[in-house]
Amino acid sequence: MTYSIATLPASAGGRIVALGNFDGVHKGHQALLAEAKRLGEELSLPVTVWSFKTLPGAALTSSERRAAYLRKYGADEVVYDAFDRVRGLSPAQFFRDVLQTALNVKACVCGFNYSFGKQGVGNAETLKTLCSEAGILCSVVPEVALAGETVSSSRIRALLREGRTEEAAALLGRPYALTGKVEGGRHFGRTIGLPTLNQRFGEEICLPKGGVYATACRIGGEVYPAVTNVGCCPTVTEGGEMVVETHVLDFEGELYGEEVSVGFLRRLREERKFSSVDELKEEIERNCREAKEVFSVCLGFDFSDF
């Protein structure tokens, strides 16, 4: 279940509390959740993730998708607090008011680089000291590294902005996905026999670098190979806004207003302006063939939580 700090039910026996932003719920976060789950099973206590609903900058996941991932990897409860409510608290006040009073913490789990308290002056060592003084367990999870670099949300965002979606997927443990409602568009795709579903995302969500991608599209309970353009479609419009347009292979049907997830498998090319509509259609058809090949070799990914 997902709660605010005000709606969280009391837990007489206490909780295992996992702390962090958890943006993307990547492999580093998954290691932290695994440790929290281990402690929860050992102490027969629920695992509660404490985080913020709204994160600074362009997030990798909406609060809803983040909560779903957190539950998948071991959380029994997800608590979203307001940053403004706690930003002025010292580390000691945060420990007392949030962890002890509001959450009834019996054990804390955080990452090696965790910071908390006013201006982030508290760190993992501070938390360990406060827990020790209160007779509470504290487990600090070390860094998780791949290819010699720490797995982090900021690294994943940087990879996506460079179009390196395969490397981002390795850090996430799944392809990076955007989930949103299908909106009406220009219907240009229909005129060339390649209809698209259109989605728009605000600045609060991280978009991959503009271009054309082989993708996996989840519609209801099924996943289909697809080709996705992130950009403004310069061949058919001038100065358009950034739109995520996806042509779904082997699918027919109307999806306006439906929530659809698009997972980015591999960047195929830059977005560019073609000299004619026929040239554009020929290139998209080639991209469709490429996308089917990419999709076939990516079936080992878990698409169930897009």
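For the structure itself, look to the data block above.
All figures in this text were calculated on a predicted structure; none of them were measured in a lab.

Chemist: Could you give an account of the sheet that holds strand β14 (residues 222-231), with specific residues and numbers?
Modeler: With antiparallel pairing, six strands are arranged side by side in an open sheet as β11-β16-β13-β14-β15-β12. For this open sheet the edge positions go to β11 (176-181) and β12 (197-199), each flanked by a neighbour on one side alone. Each strand of the sheet is rotated relative to its neighbour by a mean of 35 degrees, with strand direction disregarded. Across the sheet, helix α7 (residues 165-172) is in contact with β11, β13 (211-219) and β16 (259-269); its angle to β16 comes to roughly 125 degrees.

Chemist: Describe in detail the sheet that holds strand β2 (residues 15-19), supporting the description with residues and values.
Modeler: The strands making up a sheet associate through hydrogen bonds between their backbones, and the pairing can be parallel or antiparallel. The strand order across the open sheet formed by six strands is β1-β4-β3-β2-β5-β8, and the pairing between neighbours is parallel. Lying at the two open borders of the sheet, with one neighbouring strand each, are β1 (2-4) and β8 (137-141). Recorded for the sheet is a direction-independent mean angle of 25 degrees between the axes of neighbouring strands. With three bridges connecting them, β1 and strand β4 (residues 77-81) associate as parallel partners. Counted as the bridge partner of Tyr3 is Val79 from β4.

Chemist: Can you lay out the side chain of Ser153 for me, pointing to particular residues and giving the numbers?
Modeler: Structurally, Ser153 can be placed in helix α6 (residues 153-161). Among the residues examined, Ser153 registers a relative accessible area of 12% and is labelled buried. Look past the residues within four positions of Ser153 in its chain and what remains in contact with it is Asp23, His26, His29 and Leu60.

Chemist: I'd love a proper account of the nonpolar core, names of residues and values included.
Modeler: Within the largest apolar cluster, 28 residues are counted, with the highest numbers of intra-cluster contacts made by Tyr176, Cys217 and Val260. Of all the secondary-structure elements, those providing two or more residues to this core are α6, α7, β11, β13, β14, β15 (243-248) and β16. With sequence-adjacent residues up to four places away left out, Val260 is seen in contact with Leu178, Thr179, Gly180, Val182, Leu197, Gln199, Cys217, Arg218, Ile219 and Leu255. If you look at the next biggest cluster of nonpolar residues, it comprises 26 residues, including Tyr3, Ile5, Tyr114 and Cys131.

Chemist: Just give me the short version of the pairing of strand β5 (residues 105-111), but keep the residues and values in it.
Modeler: Counted residue by residue, β5 has six buried out of seven residues, so it is predominantly covered. Note that β2 and β5 share four bridges and pair parallel. Looking at the pairing, Arg15 lines up with Val105 of β5. In terms of strand pairing, β5 meets β8 through five bridges, oriented parallel. Across the sheet, Val109 pairs through a bridge with Ser139, a residue of β8.

Chemist: Can you tell me about the packing of aromatic side chains, naming the residues and giving the values?
Modeler: Taken as a whole and assessed by the stated rule, the structure comprises seven aromatic pairs. Ring geometry for Tyr114 versus Phe116: centroids 5.5 Å apart, planes at 10 degrees, classification stacked. Under the relative-accessibility criterion, Tyr114 is labelled buried at 10%. Its relative accessible area of 5% is what places Phe116 among the buried residues.

Chemist: Describe the pairing of β15, with residues and values.
Modeler: Side chains on a regular strand alternate between the two faces of the sheet. Here β15 lies mainly inside the structure; six of its six residues are buried. The alternating pattern of β15 places Val243, Glu245 and His247 on one face and Val244, Thr246 and Val248 on the opposite face, and all of these are buried. Two elements, β12 and β15, share three bridges in a ladder whose sense is antiparallel. What sits directly across from Gln199, in β15, is Val244. One ladder, built from six bridges, connects β14 with β15; its direction is antiparallel. Across the sheet, Thr228 pairs through a bridge with Thr246, a residue of β15.

Chemist: An account of the pattern of salt bridges is requested, with residue identities and associated values reported.
Modeler: Enumeration according to the criterion identifies 19 salt bridges in this entry. Here Asp81 makes a salt bridge to Arg85, at a shortest N to O gap of 2.8 Å. Of the residues examined, Asp81 reaches a relative accessible area of 6% and is grouped as buried. When the shortest N-O distance is used, the salt bridge between Asp250 and Lys292 registers 3.5 Å. One end of the pair, Asp250, is in the loop between β15 and β16; the other, Lys292, is in helix α9 (residues 277-297), with 42 residues separating them in the sequence. Classification of Asp250 by relative accessible area gives exposed; the value is 57%. For Lys292, a relative accessible area of 40% corresponds to the partly exposed category. When salt bridges that share partners are traced, they join Arg269, Arg272, Glu283, Arg286 and Glu290 into one network.

Conventions and cut-offs
- Residues numbered from 1 in each chain as written.
- Predicted model: local features only at pLDDT ≥ 70, side-chain atom pairs only at ≥ 80, totals over all residues.
- Heavy atoms only, no water.
- Pairing = 2+ DSSP bridges.
- Helix = DSSP H or I, 4+ residues; strand = E, 2+ residues; numbered from the N terminus.
- Axes fitted to C-alpha atoms, helices over the stretch in contact; angles between N-to-C directions.
- Contact = heavy atoms within 4.5 Å.
- Buried < 20%, exposed > 50% of the residue type's maximum accessible area, 1.4 Å probe, protein only.
- Core = buried A, V, L, I, M, F, W, Y, C linked by side-chain atoms within 4.5 Å.
- Phe/Tyr/Trp six-rings, centres within 6.5 Å; stacked < 30°, edge-to-face > 60°.
- Salt bridge = Lys/Arg side-chain N within 4 Å of Asp/Glu carboxyl O.

Take it as geometry only, folks, not as evidence of what the structure does.
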